[in-house]
Amino acid sequence: MSSPAQPRRRYDPAIEEFQKVLGRAIAANVDPEVIEGLKRALSYVDMREDYTLECTSQESDTCRRIRETTMSHPWTELKEQGKALRDYNPRMLSGPLAGQFLKSLVSGQRARRVLDVGMYTGYSALSMAEALPAGGEVITLDMDPFLQQHNQPFFDSSPHGAKISIRIGRALDTMRELVKEGQKFDIIFLDAEKSEYIDYLKLAFDEGLLSENGTIVVDNAYRHGSNYLPSDSPPDASRLFGRHVTNDARLHKVLVPLRDGILLIRRLNEVERDAGQ
Ligand SMILES: C[S@@+](CC[C@H](N)C(=O)[O-])C[C@H]1O[C@@H](n2cnc3c(N)ncnc32)[C@H](O)[C@@H]1O
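Rules used throughout
- Numbers given for residues are sequential positions, taken from 1 along each chain in its written order.
- The model is predicted, so local features are restricted to residues of pLDDT at least 70 and side-chain atom pairs to those at 80 or more, both for listing and for counting; the totals for chains, interfaces and linings are taken over all residues.
- To get the side-chain values, take all heavy atoms of the structure and skip hydrogens and water.
- Runs of H or I in DSSP of at least four residues are treated as helices and runs of E of at least two as strands, each being numbered from the N terminus.
- For a compact globule the rule gives 2.2 Å times the number of residues to the power 0.38, and the radius of gyration it is set against comes from C-alpha atoms.
- Buried residues are those whose accessible area, probed at 1.4 Å on protein chains only, stays under 20% of the maximum for their type, while exposed residues exceed 50% and partly exposed ones sit between those limits.
- By definition, residues are in contact when any of their heavy atoms lie within 4.5 Å.
- Each accessible area is a Shrake-Rupley estimate made with a 1.4 Å probe; only the visible protein chains count as cover when residues are assessed.
- For this count, His and the chain ends are skipped, Lys and Arg are scored as positive, and Asp and Glu as negative.
- Taken as the charge centre is NZ of Lys, CZ of Arg, CG of Asp or CD of Glu, depending on the residue.
- Aromatic rings from Phe, Tyr and Trp, taking only the six-membered ring of Trp, are treated as a pair when their centres fall within 6.5 Å; an angle between ring planes under 30 degrees marks them as stacked, one over 60 as edge-to-face, and anything in between as tilted.
- By convention in these notes, a residue is near a molecule or strand provided one of its non-hydrogen atoms lies within 4 Å of it.
- N or O atoms within 3.5 Å of each other form a polar contact, as long as, within protein, one can give a hydrogen and the other can take it, and as long as residues adjacent in sequence are counted only when both atoms are side-chain atoms.
- When residues are grouped by polarity, Ala, Val, Leu, Ile, Met, Phe, Trp, Tyr, Cys and Pro land in nonpolar, Asp, Glu, Lys and Arg in charged, and all others, Gly among them, in polar.
- One speaks of a salt bridge when a side-chain nitrogen belonging to Lys or Arg is within 4 Å of a carboxyl oxygen belonging to Asp or Glu.
- The split of the chain into domains comes from an automatic or database domain assignment.
- Here, any two strands with at least 2 DSSP bridges between them count as paired.
- What counts as an axis is a line fitted to C-alpha atoms, over the stretch in contact for a helix, and the angles between N-to-C directions run from 0 to 180 degrees.

Asks: So what exactly am I meant to see when it comes to the overall build of the protein chain here?
Replies: A tally of regular secondary structure across the protein chain gives eleven helices and seven strands. Relative to the globule expectation of 19 Å for 277 residues, the C-alpha radius of gyration of the protein chain, 20 Å, shows essentially globular dimensions. Scored against the burial criterion, the 277 residues of the protein chain give a buried share of 45%. Of the contacts formed within the protein chain by residues at least 6 apart in sequence, a portion of 71% connects residues at least 24 apart. If you sum the accessible surface of the protein chain, you get close to 14,400 Å²; carbon and sulfur atoms cover 51% of it. On the protein chain, the mean spot of the 36 positive side-chain charges and the mean spot of the 41 negative ones are 1 Å from each other.

Structure follows, in structure tokens:
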């Protein structure tokens, strides 16, 4: 069985709770059979994750190099030296499963133009570029100039890198510029500033950034569980965005339980509208 491509990350609060219960059961010296049962159940989750990756196409060499470099990069030092805007957490990288999922969407939809909002080290941008036909384009946005300098050599080393253009600036500003330029995209992948997602959606659906049959793909739709766990706090931006999308009857949406949740949103098509769905 292959080893996981990224350190295991639990996006599921149910599993975290399960692990806590296991710890308590061990500390309380409960029946060894119960402890073995709990451990076995958790190992099934690991096995499912391994199997999921095993059944999924492998990442390209360049994507692998991007992932490995991201994991070992001295982000804290770069931030302290004032070179990078943030002390980036390598876990921000989307990774092999999400990357292959994005490729399937790009290819299945016969997309030609893709907007990647939140580039980081370029894993999602390159994954999607790899599924585009010759002449296709990924425009990838980020606010950190350091990332452009860091990522361009990786893109240049890929046979698909010429399909990628980087734009540096605040995503909302860049997206408004793209609207003004009359640009349209078949896929828009949102993986940046959660508090701006409702604005991104308006630019996509109401101001024409998304093509007629285009799809918006939203990462972190569960927000590690905070979008659905009971809470006494006022809803945060991510939860408000979820509600906003749910309440928009013009849209078709499906939340795919992949990693931290990937939400797909598109306009209802004519048949669906006629059927009153
Ligand atoms: C989660 S990471 C993106 C991961 C990437 N899509 C991947 O597949 O690895 C989020 C990125 O969004 C960028 N970002 C956050 N807020 C932004 C904003 N308002 N405008 C532009 N970029 C932003 C951050 O600098 C960071 O690089």
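Asks: Before we go on, may I ask you to explain the packing of aromatic side chains in this structure?
Replies: Aromatic rings considered in pairs are described by the distance between their centres and by the relative angle of their planes. Under the definition given, this model contains seven aromatic pairs. Ring geometry for W75 and Y88: centres 5.4 Å apart, planes at 80°, overall edge-to-face. Of this pair, W75 sits in helix α4 (residues 75-80) while Y88 is found in the loop between α4 and α5 (96-108), placing the two residues 13 residues apart along the sequence. Here W75 matches Y88 in class, with each residue buried.

Asks: How should the site of the ligand be read in this particular structure?
Replies: Close to the ligand lie 21 residues; S94, G118, S124, D142 and A171 are nearest. The side chain of S94 places a nitrogen or oxygen atom 2.6 Å from an oxygen atom of the ligand. Its free accessible area being 600 Å², the ligand has 96% of it covered by the protein chains. Taken together, the residues of the shell around the ligand break down into eleven nonpolar, four polar and six charged.

Asks: Explanation requested: the pattern of salt bridges in the structure shown.
Replies: For side chains bearing opposite charge, pairing can occur when the charged atoms are close. This structure, assessed with the given rule, holds 13 salt bridges. Across the pair R167 and E181 runs a salt bridge whose closest N-O atoms are separated by 3.0 Å. Of this pair, R167 sits in strand β3 (residues 164-168) while E181 sits in the loop between α8 (171-180) and β4 (185-190), and the two are 14 residues apart along the sequence. Residue classification places R167 among the partly exposed positions, given a relative accessible area of 22%.

Asks: Mind showing me how you'd approach the side chain of E272 here?
Replies: For E272, the position within the fold is in helix α11 (residues 270-274). Engagement of the side chain of E272 in a polar contact is seen with the side chain of R266, the distance being 2.7 Å.

Asks: Whenever I open this one, the domain arrangement of the protein chain confuses me. Can you help?
Replies: It is common to give the size of an interface as the accessible area lost on bringing the parts into contact. On domain assignment, one finds that the protein chain holds domain 1 (13-54) and domain 2 (61-274). Taking only C-alpha atoms, the centre of domain 1 and the centre of domain 2 are 33 Å apart.

Asks: Honestly, the sheet that holds strand β5 (residues 210-218) in this entry has me stumped. Any pointers?
Replies: Hydrogen bonding along the main chain pairs the strands of a sheet, whether they run parallel or antiparallel. If you walk across this open sheet you meet the seven strands as β3-β2-β1-β4-β5-β7-β6, and the pairing is mixed. Of all strands in the sheet, those with a lone pairing partner are β3 and β6 (251-256), marking the two edges. This sheet shows a mean twist of 15° between the axes of neighbouring strands, independent of strand direction. The pairing of strand β1 (residues 113-117) with β4 spans four bridges and is classified as parallel. Bridged to D116 within β4 is F189. Helix-sheet contacts for α5 involve β1, β4, β5, β6 and β7 (262-267), and the interaxial angle to β7 is about 15°. The strands touched by helix α7 (residues 145-156) are β2 (137-142) and β3; relative to β3, the strand with the most contacts, the crossing angle is about 170°.

Asks: Help me understand the pairing of β6, please; the structure alone is not making it clear to me.
Replies: Two faces make up the sheet, and in a regular strand the side chains alternate between them. Sheet topology note: the β6/β7 ladder contains six bridges and is antiparallel. If you follow V256 over to β7, its bridge partner there is I262. Here β6 folds back onto β7, and the loop between the two strands holds five residues, one of which, R259, carries a positive phi near 50°.

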